[in-house]
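# Coordinate analysis (summary)
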Amino acid sequence: MRHVLITPLMIEKYAKRLVDRLKNPLLKGVVITGSFARGEAGPYSDLDIWCFYNEPLIKSPSLPELMGISLDMREVCLKDFRDVANGSKEYVAPCFEQLKIYGETPFVLPSRNKIKSGLITLLLSIDSRIKQFVSPINSYELLNDLMYILRIEHFLATSQYPLTLSELYSMQIEASNRFLVELYSGFLFGHNHQQRTEEEIRFAVQQFVQKRLSRNSLIERESD
């Protein structure tokens, strides 16, 4: 859903309304993650909200509306959350990309081995989606996954996680990676004049994924 420019002040005011609506004895924490937490939300960004409770809720509270914004809320029981904490993008990214607006945040960075395993799983998932040749492909979703991979690769190499696209772009040595960051930026901020064809995007994503899967396969063979 396309929305007008959302300012930090608007998010701050909404966060207060949100906490007032959600607050109850079971609530332990409310965290905003994703592009809004990174400070680079575009016209089509969703507002990702995690709500953590001591026990499962019997009835979910309704959320206050934020005009023009799609809200994606996850209600999580802390006991279940700790059991499923792993190296997947869905868990690892919020460890870096989070804005705590109430209480505690339970995100704890998993081991590097778990993160690497999660990367391989994500690469295989992208490879499978690309090979299905289902048109139209979800270019934004694929590129969003690639941006996470670039970010976490940089973290594994330097212990630094680049939050903004400008940081991410400046850290790329390979022209193909810079091209993908530019491509994602175009989708994120609605620069339609920079839009590429589906086949161009598919090819760029496929090259990115195959390079990393081949490299991982080579490392595994060398360690045998």
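Here, every reference points to the structure presented above.
Residues numbered from 1 in each chain as written. Predicted model: local features only at pLDDT ≥ 70, side-chain atom pairs only at ≥ 80, totals over all residues. Heavy atoms only, no water.

## Let's talk about the packing of aromatic side chains
This is how the line gets drawn: Only rings of Phe, Tyr and Trp enter the pairing, Trp through its six-membered ring, and a pair is recorded when the two centres are within 6.5 Å. The plane angle decides the type: under 30 degrees is stacked, over 60 is edge-to-face, the rest tilted. Per the convention used, a helix needs a DSSP run of H or I reaching at least four residues, while a strand needs a run of E reaching at least two, with both numbered from the N terminus. Burial status follows relative accessibility: with a 1.4 Å probe on protein chains alone, a residue under 20% of its type maximum counts as buried, one over 50% as exposed, and anything between as partly exposed. In our convention, an over-ring charge means Lys NZ or Arg CZ found within 6 Å of a ring centre and within 35 degrees of that ring's normal.
Tallied over the entire structure, the rule returns 11 aromatic pairs. Measuring from ring centre to ring centre gives 5.3 Å for Phe81 and Phe107, while their planes differ by 85 degrees; the resulting arrangement is edge-to-face. Linking Phe81 in helix 3 (residues 78–84) with Phe107 in the loop between strand 4 (98–103) and helix 5 (112–131), this pair joins segments that are 26 residues apart in sequence. The two residues Phe81 and Phe107 agree in class, both being buried. Its end group placed over the ring of Phe155, Arg112 keeps NZ or CZ at 5.2 Å from the ring centre. Lying across the ring of Phe208, Arg212 places its NZ or CZ 3.6 Å from the centre.

## Details of helix 5
In an α-helix, one turn spans 3.6 residues; hence positions three or four apart end up facing the same way. Counted only if it meets this: The span you would expect from a helix comes to 1.5 Å times its residue count less one.
With 20 residues, helix 5 extends 29 Å between its outermost C-alpha atoms, agreeing within 8% with the 28 Å of an ideal straight helix rising 1.5 Å per residue. When we look at burial in helix 5, the residues that qualify are Ile115, Gly118, Leu119, Leu122, Leu123, Ile126, Asp127 and Ile130.

## Points about unusual backbone geometry
Phi is positive for Ser159, which is not a glycine, with a value near 70 degrees. Following the sequence through the fold, Ser159 ends up in the loop between helix 6 (139–158) and helix 7 (165–170).

## A few points about helix 4 (residues 89–96)
Heads up, the condition is: Throughout, a residue-residue contact means that at least one pair of heavy atoms, one from each residue, lies within 4.5 Å.
Judged by how many residues are buried, helix 4 sits mostly within the fold: 6 of 8 residues are covered. Regarding helix 4, the residues found buried are Lys89, Tyr91, Val92, Ala93, Pro94 and Cys95. In the core, the buried residues of helix 4 are packed alongside strand 1 (27–33), strand 2 (47–53), helix 3, strand 4, helix 5 and helix 6.

## With respect to the nonpolar core
Our working definition: Put simply, buried Ala, Val, Leu, Ile, Met, Phe, Trp, Tyr and Cys residues joined by side-chain atoms within 4.5 Å make one nonpolar core.
Among the nonpolar cores identified, the biggest contains 42 residues, and Phe52, Ile126, Met147, Tyr148, Ile149, Ile152 and Val205 are the most heavily contacted of them. Where this core is concerned, the elements lending two or more residues are strand 2, helix 3, helix 4, helix 5, helix 6, helix 7, helix 8 (175–188) and helix 9 (198–223). Considering every element that reaches this core, the biggest residue donor is helix 6, with 9 residues. Discounting residues that sit within four places of it in the chain, Ile126 has contacts with Leu142, Asp145, Leu146, Ile149, Val205 and Val209. Counting 14 residues, the second-largest nonpolar core is a separate cluster that includes Leu22, Leu47, Ile49 and Ile69.

## A closer look at the sheet that holds strand 4
Our working rule: If DSSP finds at least two bridges between two strands, the strands pair. Here, axes are lines fitted to C-alpha atoms. For helices the fit covers the stretch in contact, and angles between N-to-C directions go from 0 to 180 degrees.
Taken in spatial order, the 4 strands line up as 3-2-1-4 in an open sheet, and their pairing is mixed. Every other strand in the sheet has two partners, leaving strand 3 (71–77) and strand 4 as the edge strands with one partner each. Between one strand and the next, the sheet's axes are offset by a mean angle of 20 degrees, whatever the strand orientation. Relative to strand 3, strand 2 is paired through 7 bridges, and the arrangement is parallel. Residue pairing across strands places Tyr53 opposite Cys77, the latter belonging to strand 3. Together, strand 1, strand 2 and strand 4 form the strand contacts of helix 4, whose direction differs from that of strand 4 by roughly 80 degrees.

## Things to note about the pattern of salt bridges
Any two side chains of opposite charge can pair, on the condition that their charged atoms come close. We apply this condition: Any Lys or Arg side-chain nitrogen found within 4 Å of a carboxyl oxygen on Asp or Glu counts as a salt bridge.
In total, this model carries 15 salt bridges according to the counting rule given. For Arg212, the salt bridge identified is with Glu153, shortest N-O distance 2.7 Å. Of this pair, Arg212 sits in helix 9 while Glu153 is found in helix 6, placing the two residues 59 residues apart along the sequence. The partly exposed category is assigned to Glu153, whose relative accessible area is 23%. Here Glu153 and Arg215 are joined by a salt bridge, their closest N and O atoms 3.6 Å apart. Of this pair, Glu153 sits in helix 6 while Arg215 sits in helix 9, and the two are 62 residues apart along the sequence. We classify Arg215 as partly exposed; its relative accessible area is 41%. Through salt bridges with shared partners, a single ionic network connects Arg38, Glu40, Glu97 and Arg151.

Just geometry here; none of it tells us what the structure is for.
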